[in-house]
Amino acid sequence: MQIHAEKKAASKLKNNLEYIKKNYHLYLLVAPAIILTIIFKYIPMYGAIIAFKDFSTIKGILGSDWVGLDNFTKFLSSPNFADIFMNTLKLSFFGLIVGFPVPIILSLMLNQLRRAAIKKNIQLVLYAPNFISVVVIVGMVFIFLSPTGPINQLVSFITGKPLMFMSNPDYFRSIYIISGIWQAAGWSSIIYVAALANVDPELHNAATIDGANILQRMIHIDLPTLKPLMAVTFILAAGGIMSIGFEKAYLMQTSMNLPSSEILPTYVYKVGLQSGDYAYSTAVGLFNSVINVILLIVVNKIVKKLNEGEGLY
C-alpha cells in the first residue's frame, strides 16, 4: 500500500514537472509578481513578532523581552478601545453599504447609452476624480465646506447661519463616505462595464420585442451577468472592512471631530510613529488584520450559501 502511494506521488510530481516545463513561459510571466509579493508582503510579517515583545530599538527584535499578549490586553482594556473600534467599524460598514451599489448602478446606466461619443465623455468625467490625490480631495472638501465656502453660503442664505461641517463629529462620517464615493465610484464601475460588454445584444433585442422595458432588461439580463462578479467584489470589500485608508481620515481630522474621526489606522500612526511605542502599535495593527481575516472568512461563507455555492474560494 505504501509503495503504491509512493508511486502515485512520484507520478503526480512527474506530471507537474512536465506541465511546468511545457508552460514555463506562463510561470515566468507571474514570477515578478510572486517575488514582489514575497518580498513586500510575506517577509515583513517577521516584524509582527514585536507585538508580543517589549520592543527596544537597542536590543532589537530578537533581543527584546517577550511579554506575550500584554500589548493586546493593554489595547483591549484601554478606555478608548470601544470608541476607536466602533468608529472604524461604522465608517467601513456604512461606506460599504452605501458605496458598493453605486458602481453597479453607474455601469448599468452607462451600458444603456448607445452613442459611443457621449458614453466616452461621461466615462471620462466619472473616472477623472480617481486620479486626484487624496491630499487635493481633502483640500477641496475643506474649501467647499468651510464657513465661508460655497455650500455654507447657500446654507446661510436659507437658514441664516453656516454649519460647522469639519468641526462637528456628526458630519465627519457622511463627508468621508460621500467624498469617497465621488472619487472612486466611476473608476470602480470599469470592471462591471467590461462584464456587461459581453452580454449578447440579441438578448436585449428579444426582450424589447417581448415588451420588456429598460428596468426589466437590467434586472433580468444585466444583473444576472454581474452577479458572480458582484459576489467576489463584495467578499473582497467586506474582507477589508477594517482596512480604511489612513491618509484621508488623518487629513480630515480636526481637534473638534476626533470623537468620530479617530480610527484604528490613525491611532496606530499616532501611537507608533509619533509616540514611539512600536510594540503596542504593532499589536493594534495585528489585531486589525486578524479581524479582517475573520470577516473575510465569515462573509465568504455567507455569500456562498446565498450564491449557490459560488464564492471567493
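Above this note sits the structure.
Keep in mind that what you see is a predicted model, and the values were worked out from it rather than measured. (Residues numbered from 1 in each chain as written. Predicted model: local features only at pLDDT ≥ 70, side-chain atom pairs only at ≥ 80, totals over all residues. Heavy atoms only, no water.)

A. Region of the structure containing the overall build of the protein. Secondary structure assignment for the protein yields 17 helices and 2 strands. Relative to the compact-globule value of 20 Å for 313 residues, the protein shows a C-alpha radius of gyration of 25 Å, a clear excess of over 25%. Overall size of the protein, expressed as C-alpha extent along the three principal axes, is 75 × 60 × 35 Å. Looking at the protein as a whole, 32% of its 313 residues are labelled buried. Long-range pairs, those at least 24 residues apart, make up 64% of the contacts in the protein between residues at least 6 apart in sequence. Total accessible area on the protein stands at roughly 19,600 Å², and carbon and sulfur atoms take up 70% of it. (Helix = DSSP H or I, 4+ residues; strand = E, 2+ residues; numbered from the N terminus. Rg over C-alpha atoms; globule rule 2.2 N^0.38 Å. Buried < 20%, exposed > 50% of the residue type's maximum accessible area, 1.4 Å probe, protein only. Contact = heavy atoms within 4.5 Å. Areas by Shrake-Rupley, 256 points an atom, 1.4 Å probe, with all protein chains shown as cover.)

B. Expanded view of the pattern of salt bridges. Per the stated rule, a full pass over the model turns up 3 salt bridges. Measuring nitrogen to oxygen at the nearest pair gives 3.5 Å for the salt bridge that ties aspartate 277 to lysine 74. Linking aspartate 277 in the loop between helix H16 (264-274) and helix H17 (278-306) with lysine 74 in helix H4 (residues 70-76), this pair joins segments that are 203 residues apart in sequence. Taking relative accessible area as the criterion, aspartate 277 reaches 27% and is therefore assigned partly exposed. For glutamate 262, the salt bridge identified is with lysine 270, shortest N-O distance 3.2 Å. (Salt bridge = Lys/Arg side-chain N within 4 Å of Asp/Glu carboxyl O.)

C. The packing of aromatic side chains, seen in detail. With the rule as written, the count across this model stands at 20 aromatic pairs. Ring geometry for phenylalanine 246 versus tyrosine 269: centroids 4.9 Å apart, planes at 45°, classification tilted. With phenylalanine 246 in helix H14 (residues 246-252) and tyrosine 269 in helix H16, this pair connects stretches of sequence that are 23 residues apart. Looking at phenylalanine 246, the relative accessible area reads 24%, which means it is partly exposed. Residue tyrosine 269 is classed as partly exposed on the basis of its relative accessible area of 26%. Sitting over the face of the ring of tyrosine 280, lysine 74 holds its NZ or CZ atom 4.6 Å from the ring centroid. Over the ring of tyrosine 176 we find lysine 248; its NZ or CZ atom is 4.7 Å from the centre of that ring. (Phe/Tyr/Trp six-rings, centres within 6.5 Å; stacked < 30°, edge-to-face > 60°. Lys NZ or Arg CZ within 6 Å of the ring centre and 35° of its normal.)

D. Examining the nonpolar core more closely. Counting 34 residues, the largest nonpolar core has Phe75, Leu226, Tyr267 and Phe287 as the members making the most contacts within it. At 7 residues, the largest contribution of residues to this core is made by H17. Non-local contacts of phenylalanine 75, meaning those with residues more than four positions away in its chain, are made with Phe81, Leu264, Tyr267, Tyr280, Val284 and Phe287. Grouped together as the second largest cluster of nonpolar side chains are 15 residues, Val138, Met166, Ile177 and Ile263 included. (Core = buried A, V, L, I, M, F, W, Y, C linked by side-chain atoms within 4.5 Å.)

E. Looking closely at the packing of helix H6 (residues 101-111) against helix H10 (residues 169-188). The geometry of H6 relative to H10 is characterised by a closest axis approach of 8 Å and an angle of 50° between their N-to-C directions. The angle between H6 and H10 falls in the class oblique. Regarding H6 and H10, the two cross each other, and that crossing is right-handed. Only Ile181, Ala185, Gly186 and Ser188 of H10 make contact with H6, whose side of the interface consists of Val102, Pro103 and Leu106. (Axes fitted to C-alpha atoms, helices over the stretch in contact; angles between N-to-C directions. Parallel < 35°, antiparallel > 145°, perpendicular 65-115°, else oblique. Left-handed = near helix turned anticlockwise from the far one by under 90°.)

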